[in-house]
Amino acid sequence: SPVAVSSLISNRLDNNGYFRSKVSYEIKEKGKTAKVIYTAVLFPPYRIDSVKFPPRINSVNSKILEDTAKTLLKPGDIYNLTTIKAERERIDLYLKNEGFFYFNPDYLVCYADTAIGKRMVNLSLEVKEETPPKALERYLMHDVVIHPKYSLDNDTTFASQDTIIIEGKYYINSDSTFNPKSIANSVFFERNTYYSRLNHDITLRRLMGLGIFKFVNIKFTDEVVNDTSFLNASIYLTPLRKKSLRAEILAITKSTNFAGPGIDLSFRNRNLLKGSELFVLSTQAGLETQISGQQPGQPSLGAFNLSVEAKLYVPKFLIPFYNVSKISSYFIPKTKFELSAERNYRVDYYTMNSLEFTYGYYWQESETKLHELDPVVINYVRTSQTTPLFDSLLEINPFLQKNFQNQFILGLQYRYTFNNQVKSQLKNQYYFRGTADFSGNLMSLLNNAFSSKNVNPEDPAMLFNTPYSQYSRFEIDARYFHVFDKKNKIATRLITGVGVPYGNSDALPYIKQFFIGGSNSIRAFRARTLGPGTYPPPSPDSLSFFEQAGFLSDVRVDPYTDVKSAVVIPFQHPLRIRKCRRIPLEV
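Note that this is a predicted model, so its numbers are computed, not measured. (Residues numbered from 1 in each chain as written. Predicted model: local features only at pLDDT ≥ 70, side-chain atom pairs only at ≥ 80, totals over all residues. Heavy atoms only, no water.)

## Regarding the packing of aromatic side chains
Which entries qualify depends on this criterion: Ring geometry is summarised as follows: Phe, Tyr and Trp rings, the Trp one being its six-membered ring, pair when their centres sit within 6.5 Å, and such pairs are stacked at plane angles under 30 degrees, edge-to-face over 60 and tilted between the two. To sort residues, take the accessible area from a 1.4 Å probe on protein chains only and compare it with the maximum for the residue type: under 20% means buried, over 50% means exposed, and anything in between is partly exposed. Here a helix means four or more residues in a row that DSSP labels H or I, a strand means two or more in a row labelled E, and each is numbered from the N terminus. Note on geometry: a ring has a charge over it if NZ (lysine) or CZ (arginine) is within 6 Å of the ring centre and within 35 degrees of the ring normal.
As enumerated under the stated definition, the model contains 23 aromatic pairs in all. When the ring of phenylalanine 101 is compared with that of tyrosine 102, the centres are 4.8 Å apart and the planes differ by 85°; the resulting orientation is edge-to-face. Since its relative accessible area comes to 17%, phenylalanine 101 is described here as buried. We classify tyrosine 102 as partly exposed; its relative accessible area is 26%. Pairing phenylalanine 317 with tyrosine 361 gives two aromatic rings, centres 5.6 Å apart and planes at 75°, and the pair type is edge-to-face. On the criterion of sequence distance, the pair formed by phenylalanine 317 in the loop between β14 (302-314) and β15 (334-346) and tyrosine 361 in strand β16 (residues 350-364) is long-range, its members being 44 residues apart. One aromatic cluster is present, formed by Phe101, Tyr102, Tyr139, Phe189, Tyr195 and Phe220 through successive ring pairs. Cation over ring: arginine 138 sits above tyrosine 194, and NZ or CZ is 3.6 Å from the ring centre.

## Let's talk about unusual backbone geometry
Despite not being glycine, asparagine 192 shows a phi value in the positive range, around 65°. Mapped onto the secondary structure, asparagine 192 falls in the loop between α4 (180-184) and α5 (197-209). Even without being glycine, aspartate 348 reaches a positive phi, approximately 65°. In this fold, aspartate 348 is placed in the loop between β15 and β16. With relative accessibility at 32%, the residue aspartate 348 sits in the partly exposed group.

## Focus on a nonpolar patch on the surface
Put simply, the test is: Without a salt bridge and with relative accessible area above 30%, a residue can belong to a patch; like charges are then joined within 9 Å and nonpolar side chains (Val, Leu, Ile, Met, Phe, Trp, Tyr) within 5 Å. Note that accessible areas follow from Shrake-Rupley with a 1.4 Å probe, and for residues the cover is restricted to the protein chains shown. Any Lys or Arg side-chain nitrogen located within 4 Å of an Asp or Glu carboxyl oxygen qualifies as a salt bridge.
Residues Val3, Val5, Tyr25, Ile27, Val36 and Tyr38 make up a contiguous nonpolar surface patch of about 470 Å² in total accessible area. Of all the secondary-structure elements, those providing two or more residues to the nonpolar patch are α1 (2-15), β1 (22-30) and β2 (33-41). Residue position: valine 36 is located in strand β2. Looking at valine 36, the relative accessible area reads 34%, which means it is partly exposed.

## Re helix α2 (residues 59-66)
Which entries qualify depends on this criterion: Distance and chemistry together define a polar contact, namely a pair of N or O atoms within 3.5 Å, with one atom able to donate a hydrogen and the other to accept it when in protein, and with adjacent residues in sequence counting only for side-chain atoms on both sides.
Along α2, the positions that sit buried rather than exposed are Val60, Asn61, Ser62, Lys63 and Ile64. Measuring from the side-chain oxygen of the N-cap residue of α2 to the backbone nitrogen of valine 60 gives 3.2 Å; that N-cap residue is asparagine 58.

## Observations concerning α5
As a reminder of what qualifies: Helix span, as expected, comes to 1.5 Å for every residue beyond the first. Throughout, the arc means that of the directions going from the helix axis to the C-beta atoms. The contact rule is simple, with two residues in contact once any of their heavy atoms fall within 4.5 Å.
Between its first and last C-alpha atoms α5 spans 18 Å; for 13 residues at 1.5 Å apiece the expected length is 18 Å, and the two agree. Taken together, the buried positions of α5 are His200, Ile202, Thr203, Arg206 and Leu207. Take α5 and look down its axis: the buried residues cluster within an arc of 165°, on one side only. In this structure, the buried residues of α5 make contact with α4, β9 (213-225) and β10 (228-239).

## A look at the sheet that holds strand β7 (residues 163-166)
Just so we agree on the cut-off: If DSSP finds at least two bridges between two strands, the strands pair. Angles shown run from 0 to 180 degrees and are taken between the N-to-C directions of axes, each axis being a line fitted to C-alpha atoms and, for helices, limited to the stretch in contact.
Reading across the sheet, the five strands line up as β7-β8-β6-β10-β9 and stay open at both edges, with mixed pairing between neighbours. The open sheet is flanked by β7 and β9, the only strands paired with a single partner. Each neighbouring strand pair of the sheet contributes to a mean axis angle of 20°, computed without reference to strand direction. Direction of pairing for strand β6 (residues 140-147) relative to strand β8 (residues 169-172): parallel, over a ladder of two bridges. Looking across to β8, one finds that valine 145 is bridged to tyrosine 170.

Structure below.
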């Protein structure tokens, strides 16, 4: 009704400091419809003159006074009820982190005095007299009991015969399914320390972050010993299934007339070594061929891919010769070991085999910041079973030949990701992922230190009779989203990168080169079919490699030859070219 709406408007004005404002309404009828016009007469808002906190008469009041520097109520600010509520919640969180387990923001009351005039108000924050005695008590942690295999159907009990004590905590070790230390390291309650809501939240998130429990529940009971208040914590953990197997059968068709079947198998073990380690073994196989649109006389286009990958994630930092102590954070740091093998067969061209091992660390600084550091990345690439057609392509394109030579990639990688899309209330959202990739630098230093002086500097250095790559590679993926409402937003994206080979390499490895096209790029084109620059497309009768690497064709006229000749210089290393080849160019 208009009366209720007027009252609501007046109430909102009071909550924002516009006291004694007048709200009226007028109803205008026209036929069978009516229009309501609301008019609000506003006076200047009331501002805070001073803030008074409760006197130091008990432990709660003393703790409140210790943290007044962080108050949200500032003299000179406009009176605002929402800010007062936020101040009560701030004080409540501070008290809970100081051991006041039973305290509640409703036990705080704020009085506003406007009698001083000049549209100013004095605020007085007090603890209600009817606050329960328990809420005024500061609690120490006492017994912490961990039930790692709790279920409602088979309730576990605190029995001494199957209980061990680890780091001051009682662990119900019924069947040795888990390593007790790995579970206890995720519990941040310490005996004879004050209860902390921060440690409470970290414990819940860390236990769930192990990935081996379906439910985590903490129940508290209080007791008084020698006039001291204590809390006992019982932590009930319900495990997930330890092992799982997943299979997917794929049928892929593309607008480029390529189609083929695929299969994806994966196996998971969520507690491989009883320390909450996650082991994932997966294999993928796929076949793709051109089903129509092939030009007469051209070789068939198709590919077969087979890969096997094993991953092991350990929920802590494993650093050689250094013991990392317990880290207090909401997110569990992880050490990862990855081993993968892949075989890629290109019909009528070549077979490429690769073997890769990665050892690194994964940690989340906050909800929006993620770090990934891989200090050891070893990748061996070998091209075999090349056809005469592919060999002829390598002969007329030395740069392409460099891309497909057998080689080691020995490097270090670091990735930083910032993503505030988790905060859905933000109107401006950002995603940033930066990658730095280095290879061969340490090996080059060792090679220079121990190699013979008679070695030809023009020949690449070898590791197990195979050259190793040396380069620096940087890549940025930046996105900006402007959110209008729940259903509408503008999304923009920038992807850029640069790779610089040097020392032992003339070009980036094939698997490290940039390309455009494909499902994650320009979807109207197949991957590696766009670029690298402006040059005439080859005739159907000529030999051409259908994948374009990320280099730039720099056209330069040779003054000693015909004007229709040019030099193609790879973008990766424009200042150091050993061989250049002239190709026909239509001007």
